[in-house]
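Reading the structure
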Amino acid sequence: MPGVAQELAEAIGAEQVVTDPEIMEGMAHDEAEWAPYGRPAAVVRPRHTEDVAALVRVCAGAGVPVVARGAGTGLSGGANAVDGWVVVSFERMDRVLEVDPVQQTVTVQPGVVNAHLRERVAQDGLWYPPDPASAPWSTIGGNVATNAGGLCCVKYGVTRDYVLGMEAVMGSGEVVRLGRRTAKGVTGYDLAGLMVGSEGTLGLVTEVTLRLVPLRTGVEHTVVGYFDSLIDAGRAVAAVSAAGIVPSALELIDRFCLQAVDEWKNMGLSAEGEVLLLARSDLPGAAGEQEADQIQACFEGEGAVYAVRSTDQEEAEALFEARRLAYPALERLGPLLTEDVCVPKGSVPEMLGRIEQAARRFDTHIGNIAHAGDGNLHPLFIVPAGDAEAKKRAQEAFEVIVDEALELGGTVTGEHGVGLLKMPGAARELGPQVLQMHRALKQALDPAGVFNPGKVF
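Per chain, the residues get numbers from 1 upward, laid out in the order the sequence is written. At least 70 in pLDDT is required for a residue's local features to be given in this predicted model, at least 80 for side-chain atom pairs to be given and counted, and no such filter applies to totals for whole chains, interfaces and linings, which use all residues. Note that water and hydrogens are dropped before the side-chain values are worked out from all heavy atoms of the structure.

1. Some remarks on the overall build of the chain
Helical segments are the DSSP runs of H or I of at least four residues, strand segments are the runs of E of at least two, and each set is numbered from the N terminus. Check the secondary structure of the chain and you find 14 helices and 19 strands. A globule of 457 residues ought to have a C-alpha radius of gyration of about 23 Å, and the chain, at 22 Å, matches this closely. Referenced to the eigenvectors of the C-alpha coordinate spread, the extents of the chain come out at roughly 65 × 60 × 45 Å. Note on exposure labels: buried denotes an accessible area under 20% of the residue type's maximum, exposed denotes more than 50%, and partly exposed covers the range between, all computed with a 1.4 Å probe on protein chains only. Residues classed as buried in the chain amount to 56% of the 457 residues present. Considering only contacts in the chain between residues 6 or more positions apart, those separated by 24 or more positions represent 73%. Computed with the Shrake-Rupley method and a 1.4 Å probe, the accessible areas treat only the protein chains shown as cover for residues. For the chain, the computed accessible surface area is about 18700 Å², with 51% contributed by carbon and sulfur atoms. Taken as two groups, the 37 positive and 62 negative side-chain charges of the chain have centres that lie 4 Å from each other. Atoms counted for the radius of gyration: C-alpha only. Globule rule: 2.2 Å times the number of residues to the power 0.38. Residue contacts follow a heavy-atom distance rule, with two residues in contact if any of their heavy atoms lie within 4.5 Å. Counted as positive: Lys and Arg. Counted as negative: Asp and Glu. His and the chain ends are not counted at all. Just so you know, the charge point we use is NZ for Lys, CZ for Arg, CG for Asp and CD for Glu.

2. What about the pattern of salt bridges?
For salt bridges, the criterion is a side-chain nitrogen of Lys or Arg within 4 Å of an Asp or Glu carboxyl oxygen. Taken as a whole, this structure holds 25 salt bridges when the rule is applied. Of the charged contacts in the structure, one is a salt bridge between Arg-324 and Asp-131, with a shortest N-O distance of 3.2 Å. Of the two residues, Arg-324 is situated in helix α11 (residues 313-331) and Asp-131 in the loop between β7 (126-127) and α5 (140-146); the sequence distance between them amounts to 193 residues. What makes Arg-324 buried here is its relative accessible area of 18%. For Glu-207, the salt bridge identified is with Arg-177, shortest N-O distance 3.0 Å.

3. Digging into the pairing of strand β5 (residues 96-100)
Consecutive side chains of a regular strand alternate in pointing toward one face of the sheet and then the other. Pairing between strands requires that DSSP locate at least two bridges from one strand to the other. Sheet topology note: the β5/strand β6 (residues 105-108) ladder contains 4 bridges and is antiparallel. Note that in β6 the partner of Val-99 across the bridge is Val-106. Count of turn residues in the β5/β6 antiparallel hairpin: 4 residues, of which Gln-104 carries a positive phi of about 60 degrees.

4. Quick look at the pairing of β6
Here β6 shows a buried face lined by Thr-105 and Thr-107 and a second buried face lined by Val-106 and Val-108. Note: β6 against strand β10 (residues 204-211), 4 bridges, orientation antiparallel. Across the sheet, Val-106 pairs through a bridge with Leu-210, a residue of β10.

5. Concerning the sheet that holds β10
Where strands meet in a sheet, backbone hydrogen bonds hold them as pairs that are either parallel or antiparallel. Pairing in this open sheet of 5 strands is antiparallel, and the strands run β5-β6-β10-β8-β9 from one edge to the other. For this open sheet the edge positions go to β5 and β9 (175-179), each flanked by a neighbour on one side alone. Taken pair by pair, the neighbouring strands of this sheet meet at an average axis angle of 15 degrees, ignoring direction. Alignment of strand β8 (residues 163-169) against β9, held across 5 bridges, turns out to be antiparallel. Within β9, the residue paired with Glu-167 across the bridge is Arg-177. Axes, fitted as lines to C-alpha atoms, cover a helix only where it is in contact. Angles between the N-to-C directions of the axes lie from 0 to 180 degrees.

6. Considering the packing of helix α8 (residues 230-242) against helix α12 (residues 348-361)
Contact geometry of α8 with α12 gives a least axis separation of 7 Å together with a crossing angle of 160 degrees. Relative to α12, α8 is oriented roughly antiparallel. The chirality of how α8 crosses α12 is right-handed. Of the residues in α12, those touching α8 at Leu-230, Ile-231, Gly-234, Arg-235 and Ala-238 are Val-348, Pro-349, Leu-352, Gly-353 and Glu-356. When residue character is reported, Ala, Val, Leu, Ile, Met, Phe, Trp, Tyr, Cys and Pro are called nonpolar, Asp, Glu, Lys and Arg charged, and the others, Gly included, polar. Looking at the contact of α8 with α12 residue by residue, the classes come out as 6 nonpolar, 2 polar and 2 charged. Oblique is the label for any angle not under 35 degrees, not over 145, and not in the 65 to 115 range, which are roughly parallel, roughly antiparallel and roughly perpendicular in turn. In this scheme the crossing of two helices becomes right-handed for a clockwise turn of the near helix relative to the far one and left-handed for an anticlockwise turn of less than a right angle.

7. Topic: the nonpolar core
Buried residues of nine kinds, namely Ala, Val, Leu, Ile, Met, Phe, Trp, Tyr and Cys, make up a nonpolar core once their side-chain atoms join them within 4.5 Å. In terms of nonpolar packing, the biggest core is built from 53 residues, with Phe-227, Leu-252, Leu-277, Phe-299, Met-351, Phe-381 and Ile-401 touching the most fellow members. Sorting elements by how many residues they give to this core places helix α13 (residues 388-407) first, with 8 residues. Contacts of Phe-299, omitting those with residues within four sequence positions, involve Val-223, Val-224, Gly-225, Phe-227, Ala-236, Val-240, Leu-250, Leu-277, Ala-279, Ala-304 and Ala-307. Formed by 27 residues, the second largest nonpolar core is a distinct cluster that contains Leu-126, Cys-152, Val-196 and Val-208.

8. Things to note about the environment of Ala-54
Tracing the sequence through the fold places Ala-54 in helix α3 (residues 49-62). Looking at Ala-54, the relative accessible area reads 12%, which means it is buried. In this structure the C-alpha to C-alpha distance between Ala-54 and Gly-197, which are 143 residues apart in sequence, comes to 24 Å.

9. Let's talk about the UniProt feature "domain: FAD-binding PCMH-type" (unreviewed entry) in the chain
UniProt positions are given in the numbering used here, feature names are shortened, and annotations may be inferred rather than shown by experiment. As recorded in UniProt, the sites labelled "domain: FAD-binding PCMH-type" (unreviewed entry) are residues 36-215. Between the end C-alpha atoms of residues 36-215 the distance is 41 Å, and the span holds 22% helix and 24% strand.

10. Details of the packing of aromatic side chains
Each Phe, Tyr or Trp ring (for Trp, its six-membered ring) is paired with any other whose centre lies within 6.5 Å, and the angle between the two planes then decides the class: stacked below 30 degrees, edge-to-face above 60, tilted in between. For the structure shown, the criterion picks out 5 aromatic pairs. When the centroid spacing of 5.9 Å and the interplanar angle of 80 degrees are considered together, the rings of Tyr-128 and Tyr-162 count as edge-to-face. Placement of the pair is Tyr-128 in the loop between β7 and α5 and Tyr-162 in the loop between α6 (153-156) and β8, with a sequence separation of 34 residues. Owing to a relative accessible area of 0%, Tyr-128 belongs among the buried residues under this scheme. Arranged with centres 6.1 Å apart and planes meeting at 20 degrees, the rings of Tyr-226 and Tyr-306 form a pair that is stacked. Remark: Tyr-306 occurs in strand β15 (residues 306-309) and Tyr-226 occurs in strand β12 (residues 221-227); sequence separation between them is 80 residues. Sitting over the ring of Trp-264, Lys-265 keeps its end group 4.3 Å from the ring centre. Either the NZ atom of lysine or the CZ atom of arginine qualifies as a charge over a ring when it sits within 6 Å of the ring centre and within 35 degrees of the ring normal.

11. Focus: unusual backbone geometry
One non-glycine residue, Asn-147, lies in positive phi territory at about 55 degrees. Structurally, the position occupied by Asn-147 is in the loop between α5 and α6. Its relative accessible area of 11% is what places Asn-147 among the buried residues. One non-glycine residue with positive phi stands out, namely Val-456, at about 75 degrees. Take Val-456: its relative accessible area is 14%, and that puts it in the buried class.

12. Considerations on α11
One less than the number of residues in a helix, times 1.5 Å, gives the span that helix is expected to have. Under the 1.5 Å per step criterion, the end-to-end length of α11 is 28 Å for 19 residues, consistent within 8% with the ideal 27 Å. Along α11, the positions that sit buried rather than exposed are Ala-316, Leu-319, Phe-320, Ala-322, Arg-323, Arg-324, Leu-325, Ala-326, Tyr-327, Ala-329 and Leu-330. Its side-chain oxygen at 3.1 Å from the backbone nitrogen of Glu-314, Asp-312 defines the N-terminal cap of α11. By the criterion applied in these results, polar contacts are pairs of N or O atoms within 3.5 Å in which, for protein atoms, one can donate a hydrogen and the other can accept it, and in which residues neighboring in sequence qualify only through two side-chain atoms.

13. Examining the state of the cysteines
We call a pair of cysteine sulfur atoms a disulfide when they lie within 2.5 Å. A complete count under the given rule lists 0 disulfides for this structure. No disulfide involves Cys-153; its sulfur sits 8.1 Å from that of Cys-152, the nearest cysteine. What makes Cys-153 buried here is its relative accessible area of 9%.

The structure is reproduced here in structure tokens:
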């Protein structure tokens, strides 16, 4: 264990420090297929906050940057290492520390898997709404780092809406508590909120207190609509919003993605149009049925070739499962570049049309999935392995779509984070003055530049 790895082993124990090249290779990057990464000096698997504080002190003293890693499901390169860095894997800090049914909060370590958290708090009749498609694998620490959203966020909000407070290790190894546990509190700046979405650039989060809500009961009403074009489906999304309807989910998946899931999982799903919209209402009783009928009417009014309120709960669950499986299904077809733009809901039809134009202009195949109800679109670029020209065209289309989203008043990332892939777009979105504000905050909270430098901005 040369250099910083030996220092870390002496500080926190050799059993928590990994230098095996094969293990480090698998932990040196996230799922962003085209984001660069290097070989870390070591991977550290801390068990306690004190271990994290000690490793930060060692790395700060040695001038070695650290990058935090949850489950590695990120899609922007935010968790990627650079040669000589230290990767901090939170896989062993995976305990639910406290559930408070009276205050309706839960306190967890960052390595707790999203779906496991939901299962645990359900035992107390509580629910944690943020549900990224990666919920069965992604961790709360990673969700906090990117301010993750998910299928339910159109109605229930994103991670930041549920983070009350946290414990974090800052740049010189000091441990601080930010935020609160109470329902209300406005003392000082919202530093906990600042940490959410910071992608590991300001500190290492070692504990999170989350707000919960009562567990939903009853059956959700699912509406399925098939459309002949992305633009028609986008108009239906805008129509739902214009009608004042806030569904508990409104998801888009095109035929190409649905067929990829079918071929992988043999789910027997077939599209009757080019694009499928899936909507849900979780209002109780007759109110839910009425809202579902209104959604169906919006679909039909905007040209759905087929729209129906599903009465088969198993079929409805299968369709939503297909939506969650779309990304890994497409990964099987070759290198995959994922977009994450978000536009105002009224601009969804226009943005979907511009994505189609980009696909034709750059002769690249783009599959489409989306959290359509809040304007968060995920065009997926599928490129044959080893085809350098096709990859170049896809990257050019990627940047054009970023610019198109900004032109429509949108943002370059709705939930995946900036990481490495979105840095040029983020600079264009923020502008030089706001970019300098970000850098000033980074300098103030991480003066040694130890936390994930060179990412985000």
